[in-house]
Amino acid sequence: MASVVEFRGLTGGYRCGYCDSREGKVSCGMWAHSLTAQDYQDLIDRGWRRSGKYVYKPVMNQTCCPQYTIRCRPLHFQPSKSHKKVLKKMLKFLTKGEITKGGCADEPMDSTVEHAVAGDFAFIKKLDLQCDLTALSDDLKESVKSEESQPTENMKKEESPELIQPQDSEEKLGSGEPSRSVKVHSIPKPGKGADLSKPPCRKAKEIRKERKRLKLMQQSPSGEPVGERPGLQPSSEPPSWSSPKAKSNQPKSLEDFLFEPLPEDALHKLEVRLVPASFEDPEFKSSFSQSFSLYAKYQMTIHQDPPDECGKTEFTRFLCSSPLEPESPPDGPECGYGSFHQQYWLDGKIIAVGVIDILPYCVSSVYLYYDPDYSFLSLGVYSALREIAFTKQLHEKTPQLSYYYMGFYIHSCPKMKYKGQYRPSDLLCPETYVWVPIEQCLPSLENAKYCRFNQDPEAVDEGRCVEPDRLQVLHRKAIMPYGMYRKQQKDPSEEVTVLQYASLVGQRCSERMLLFRN
């Protein structure tokens, strides 16, 4: 089944869920009747994102809160100090039932997705009704299938080039990305960044240890050099002088924390199940009622939604219906590509659900909802760390699948800046659609909400649509190139709409996806 979409055009002047502006949000959207995994991968690499079957792209230079696509690089990820606290907190709870108060510095990860989606929900529901009236009939679907039965040449994806520092080029080899690098020079402004003319900052703990060493030296009756006394090596000495035990002290990986064996007498048992988001799947169907009840409880407690806005219909449209067609290619992961619910079962009941899309090059986080009674476990952060580890697991079988997409990063919204704490991570340039390390983007974002991250003034969007006549149109049960369709149309506004669509989805998607015109 090919991707079939209805372009809805630009929508502006409606409520923003980030800054509460009543008329500040501007985006373009389309209703996706179906999407292949590769097409959606290419779309999110151009700044699109889905909510149910509605796929939208913020108009970055017009919207009140620019939303930059952000991705984490799990293969090089190391949990931060606050991440480790969350992981240890979960381990203590599972082992001894210990409840630790206090949140995580990287909270709120209560929804790994956009609060704006909630603000758009009435608009999306309205679109749903409109698209139901113009939905593809069975005979249209048959025409799509018959067209697909003809042999076509598969197009391989060329990943977006990434702007990386020269010293990072070795990390990129074997990652599935081109090794071409573009130097990005960013000079820290006064008061911003480290002063390289001064010695590096030291932690207070290290300073205290140094003072203790000096005091012991003064108290030593023999005047023996401290470096020759076991366990009291000065911090400036090379690592090879340390004790054999210190040599083996490697930092614990994310997997070491997540999968540390529990004792036999552990009080609780946590199980994570990956379930396809499909009513045809028996496990999804059998757990639907419990999963929905958890969703309603979460929305009403955490987001204060009224009960009539979190019914089964809204839940199904928002988090169960997906345009992604399940795919199981031989070189893909064992679970295949598509939309899934990652369910967290604690002692036989669901306490959290992470909705994710598994695509050819990434795991894309869609939404998270959890039982508010277990807020003390920082389930937002914990689930994100599990999804990062899951991406690494999928990478072992599918080497090109090596990124974790966290949705949108909104620097102007304090509640959404936490996503930048999952390092290393990159932001998508809104003009050239190349990936730039977040450290190089932050100085610009401090000065302006909207920024072009690619600092090469001559760089352009390499994936832009340069041959619109090759765009595929589905019209009156027939599939045709736009060049042929255009000759049949007399309305000049139709050409404006189609060309706008082509510029937003790019050349590759415009040639593969079918644009439904009524």
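Structure shown above.
Source: prediction; values computed, not measured.

**Q** Before we go on, may I ask you to explain the overall build of the chain in this structure?
**A** Helices and strands together make up the secondary structure of the chain, namely 14 helices and 15 strands. When the 518 residues of the chain are sorted by exposure, 50% land in the buried category. Sequence-distant contacts, at least 24 apart, represent 70% of the contacts inside the chain between residues at least 6 apart. Approximately 26,000 Å² of the chain is accessible, and the part contributed by carbon and sulfur atoms is 51%.

**Q** I tried to follow the sheet that holds strand E13 (residues 472–475) on my own but got confused; where do I start?
**A** The strands making up a sheet associate through hydrogen bonds between their backbones, and the pairing can be parallel or antiparallel. With respect to topology, seven strands assemble into an open sheet ordered E3-E4-E2-E1-E15-E13-E14, the strand pairing being mixed. Looking at strand neighbours, the two that pair on one side only are strand E3 (49–51) and strand E14 (478–481), the edges of this open sheet. The mean angle between the axes of side-by-side strands here comes to 40°, regardless of whether they run parallel or antiparallel. Note: E13 against E14, four bridges, orientation antiparallel. Across the sheet, the residue bridging to histidine 475 is alanine 478, located in E14. Set on the sheet, helix H14 (residues 492–512) makes contact with strand E1 (4–14), strand E2 (25–34), strand E4 (54–58), E13 and strand E15 (514–516); between it and E1 the angle comes to about 135°.

**Q** Help me out: how do you make sense of helix H9 (residues 282–302) in this one?
**A** Note: α-helices contain 3.6 residues per turn, so residues at a spacing of three or four share the same orientation. Compared with the 30 Å implied by 1.5 Å per residue over 21 residues, the 30 Å span of H9 between its first and last C-alpha is a close match. Roughly 55° is the biggest bend found in H9, and it falls at phenylalanine 288. Burial in H9 covers these residues: Phe284, Ser287, Phe288, Ser291, Phe292, Leu294, Tyr295, Ala296, Tyr298 and Gln299. Residues of H9 that are buried sit in contact with strand E6 (270–276), helix H10 (312–320), strand E7 (338–346), strand E8 (349–358) and strand E9 (362–370). Sitting at the head of H9, aspartate 281 places a side-chain oxygen 3.1 Å from the backbone nitrogen of glutamate 283. Positive backbone phi, approximately 55°, marks glutamine 304, located one or two places after H9.

**Q** Honestly, the pattern of salt bridges in this entry has me stumped. Any pointers?
**A** Opposite charge on two side chains makes pairing possible when the charged atoms of those side chains draw close. Counted by the stated rule, this structure contains 21 salt bridges. With its nearest N and O atoms 2.9 Å apart, the salt bridge here joins arginine 50 to aspartate 357. Linking arginine 50 in strand E3 with aspartate 357 in strand E8, this pair joins segments that are 307 residues apart in sequence. The same class applies to arginine 50 as to aspartate 357, namely buried. Measuring nitrogen to oxygen at the nearest pair gives 3.3 Å for the salt bridge that ties glutamate 271 to arginine 273. By relative accessible area, which is 25% here, arginine 273 ends up partly exposed. Salt bridges sharing partners connect three or more residues here, namely Asp39, Asp42, Arg508 and Arg512.

**Q** Explanation requested: unusual backbone geometry in the structure shown.
**A** The bulk of non-glycine residues show a negative phi, and the bulk of peptide bonds are trans. Residues arginine 423 and proline 424 are joined by a peptide bond in cis, for which omega reads -5°. Within the secondary structure, proline 424 is located in the loop between strand E10 (403–409) and strand E11 (425–428). At serine 378, a residue that is not glycine, the phi angle is positive and equals roughly 50°. One non-glycine residue, tyrosine 433, adopts positive backbone phi at about 55°. Residue tyrosine 433 is classed as buried on the basis of its relative accessible area of 10%.

**Q** Looking at this structure, I do not really get the state of the cysteines. What am I missing?
**A** Structurally, a disulfide amounts to a covalent bond that connects the sulfur atoms of two cysteines. All chains considered together, the criterion is met by zero disulfides. The closest cysteine sulfur to the non-disulfide-bonded cysteine 441 is located on cysteine 429, 8.3 Å from its own sulfur. The class for cysteine 441 is buried, based on a relative accessible area of 1%. The structure places no disulfide on cysteine 451, whose sulfur is separated from the nearest cysteine sulfur, that of cysteine 441, by 8.3 Å. Classification of cysteine 451 as buried rests on a relative accessible area of 6%.

**Q** How do you make sense of the pairing of E1 when you look at a structure like this?
**A** Regular strands place side chains that alternate from one sheet face to the opposite one. In terms of strand pairing, E1 meets E15 through two bridges, oriented parallel. Considered in E15, the bridge of valine 5 is made with leucine 515. In this sheet, E2 lies alongside E1 in antiparallel orientation, the contact comprising nine bridges. Bridging from a neighbouring strand, leucine 10 pairs with cysteine 28 of E2.

**Q** Quick question: what am I supposed to make of the nonpolar core here?
**A** Grouped burial of nonpolar side chains is what soluble globular proteins tend to show. The biggest cluster of nonpolar side chains holds 119 residues, and the ones touching the most others in it are Met30, Tyr369 and Tyr422. Those residues within four positions of tyrosine 369 in sequence are excluded, and the remaining contacts are Ser291, Leu294, Tyr295, Tyr298, Phe315, Leu319, His341, Ala352, Val353 and Val355.

**Q** Whenever I open this one, helix H12 (residues 438–447) confuses me. Can you help?
**A** The complete set of buried residues in H12 reads Ile438, Gln440, Cys441 and Leu445. Taken around the axis of H12, the buried residues stretch over an arc of 150°, which confines them to a single face.

**Q** Would you mind going over the environment of aspartate 331 with me for this structure?
**A** Turning to its location among the elements, aspartate 331 is positioned in the loop between H10 and E7. For the pair formed by aspartate 331 and lysine 397, sequence separation is 66 residues and the distance between their alpha carbons is 8.1 Å. Other than its neighbours up to four places away in sequence, aspartate 331 contacts Lys397, Thr398 and Gln400.

Calculation notes
Residues numbered from 1 in each chain as written. Predicted model: local features only at pLDDT ≥ 70, side-chain atom pairs only at ≥ 80, totals over all residues. Heavy atoms only, no water. Helix = DSSP H or I, 4+ residues; strand = E, 2+ residues; numbered from the N terminus. Buried < 20%, exposed > 50% of the residue type's maximum accessible area, 1.4 Å probe, protein only. Contact = heavy atoms within 4.5 Å. Areas by Shrake-Rupley, 256 points an atom, 1.4 Å probe, with all protein chains shown as cover. Pairing = 2+ DSSP bridges. Axes fitted to C-alpha atoms, helices over the stretch in contact; angles between N-to-C directions. Expected span 1.5 Å × (residues − 1). Bend = angle between axes of the 7 residues up to and from the residue. Polar contact = N/O pair within 3.5 Å; in protein donor to acceptor, adjacent residues only side chain to side chain. Salt bridge = Lys/Arg side-chain N within 4 Å of Asp/Glu carboxyl O. Disulfide = S-S within 2.5 Å. Core = buried A, V, L, I, M, F, W, Y, C linked by side-chain atoms within 4.5 Å. Arc of directions from axis to C-beta.

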